[in-house]
Amino acid sequence: PSENELCAQFNVSRTSVREALQILSAHGLITVEKGKGMFVNRITSESVINPFEKYLKLRLDRHNVTDIVRARQMIEPLIAKQAALNRTDKDLENMENDIAEMKKCTKGFKELVDLDILFHQHLASATKNQVVPLLLKVIQGVLPELKSQVYANIEGAKEAAIIWHSKILDAVKRKKPDDAFKSMVEHLLKAEEHAQIVIELKNDLNNHAEEKK
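J.: Go over the overall build of the protein chain, please, and point to the residues and values.
T.: If you tally the helices and strands in the protein chain, you get ten helices and two strands. Here the protein chain, with 213 residues, has 36% of them falling under the buried criterion. Counting only contacts in the protein chain whose residues sit at least 6 apart along the sequence, the fraction spanning at least 24 positions is 70%. Accessible surface, the protein chain: about 13200 Å² in total, of which carbon and sulfur atoms supply 55%.

J.: Tell me about the pattern of salt bridges, residues and numbers included.
T.: Two side chains that carry opposite charge are able to pair once their charged atoms sit near each other. Applying the stated criterion to the full structure yields 16 salt bridges. Of the charged contacts in the structure, one is a salt bridge between Glu3 and Arg14, with a shortest N-O distance of 3.7 Å. Linking Glu3 in helix H1 (residues 3-10) with Arg14 in helix H2 (residues 14-26), this pair joins segments that are eleven residues apart in sequence. The exposure class assigned to Glu3 is partly exposed, which follows from its relative accessible area of 23%. The partly exposed category is assigned to Arg14, whose relative accessible area is 36%. A salt bridge links Glu76 to Arg72; its shortest N-O distance comes to 2.5 Å. Of this pair, Glu76 and Arg72 both sit in helix H4 (residues 62-86), four residues apart, which is roughly one turn of the helix.

J.: Run through empty space enclosed by the protein, naming residues and quoting values.
T.: Counted according to the given criterion, the structure contains one cavity of 30 Å³ or more. As for the largest cavity, its lining consists of 19 residues, and the residues nearest its centre are Asp116, Lys147, Val150, Ala191 and His194. Elements with a minimum of two residues in the lining of the largest cavity: H4, helix H6 (109-125), helix H8 (144-153), helix H9 (157-173) and helix H10 (177-212). Here the residues of the lining of the largest cavity sort into twelve nonpolar, three polar and four charged.

J.: Let's hear about the nonpolar core: which residues, and what values?
T.: Among soluble globular proteins, nonpolar side chains are generally buried collectively. In this structure, Met95, Met102, Leu123, Leu146, Tyr151, Ile168 and Val172 are the most contacted members of the largest nonpolar core, which totals 42 residues. The set of elements that each furnish at least two residues to this core consists of H4, helix H5 (89-104), H6, helix H7 (131-140), H8, H9 and H10. Setting aside its immediate chain neighbours within four residues, Ile168 contacts Ala80, Phe119, Leu123, Ser183, Met184 and His187. Of all hydrophobic cores here, the second largest spans five residues; its members include Leu6, Cys7, Leu21 and Ile30.

J.: Run through the packing of aromatic side chains, naming residues and quoting values.
T.: For the structure shown, the criterion picks out zero aromatic pairs. Geometry around Phe181 places Lys81 over its ring, the cationic atom sitting 5.9 Å from the centre. In this structure, Lys167 is placed above the aromatic ring of Trp164, and the distance from its NZ or CZ to the ring centre is 4.3 Å.

J.: I'd like to hear about unusual backbone geometry, residue by residue, with values.
T.: Outside of glycine, negative phi angles account for most residues, and trans bonds account for most peptide bonds. Phi at Asn11 takes a positive value of approximately 55 degrees, unusual for a residue other than glycine. Inspection of the secondary structure assignment puts Asn11 in the loop between H1 and H2. Of note in the backbone geometry, Lys175 takes a positive phi value of approximately 55 degrees without being a glycine. Topologically, Lys175 is positioned in the loop between H9 and H10.

The rules behind each value
Residues numbered from 1 in each chain as written. Predicted model: local features only at pLDDT ≥ 70, side-chain atom pairs only at ≥ 80, totals over all residues. Heavy atoms only, no water. Helix = DSSP H or I, 4+ residues; strand = E, 2+ residues; numbered from the N terminus. Buried < 20%, exposed > 50% of the residue type's maximum accessible area, 1.4 Å probe, protein only. Contact = heavy atoms within 4.5 Å. Areas by Shrake-Rupley, 256 points an atom, 1.4 Å probe, with all protein chains shown as cover. Salt bridge = Lys/Arg side-chain N within 4 Å of Asp/Glu carboxyl O. 1 Å grid on protein atoms, 1.4 Å probe; cavity = no way out; pocket = protein on both sides within 12 Å on 5 of 7 lines; lining within 4 Å. Points joined across faces, edges and corners; volume = space filled by probe spheres on them. Nonpolar A, V, L, I, M, F, W, Y, C, P; charged D, E, K, R; others polar. Core = buried A, V, L, I, M, F, W, Y, C linked by side-chain atoms within 4.5 Å. Phe/Tyr/Trp six-rings, centres within 6.5 Å; stacked < 30°, edge-to-face > 60°. Lys NZ or Arg CZ within 6 Å of the ring centre and 35° of its normal.

Fair warning: the whole summary comes from geometry, so function is off the table for now.
What follows is the structure, encoded as structure tokens:
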């Protein structure tokens, strides 16, 4: 309906209608096209995930990186545990393929990061909880830059990721939830260690650049 029709339908002023439409548009619920009209958008998981990702990326600094890594430590061991209890053969096939592709990956750090993240997403899907993959996707969405720096600067980071992914998968395959939980804890402790190294390297570079000025 047009603005005039909405004003009549809800018995409000045009100013109120326009403010309401601006809010709906800002939330991605509608699209306003001048000369054409207003259209309701199809609501997807991205409608929720993208704004949260943008918020985290805009506030990404040393402290927030540490918070994100530790948020993973709170969430992902339980994901691994539930995946071990609920996984299907298709879930196992997806994760086995992710690890195989990581081993073969020679195209660069971006593809390696994508495969790394995909393994964790497939693990979350294996929980059979529809909310869990959405929560994890928000966190994983701000990690590509950090993970790329880890793979670029830390020798053996790729091999370490493959080893821990394989251990987690083995526990999930054997339906050993406690083993899956423990392996994920240890995997993410190593991830935190790598993240701290990258943060320190970045700080050193920034300090060196400041000294040159």
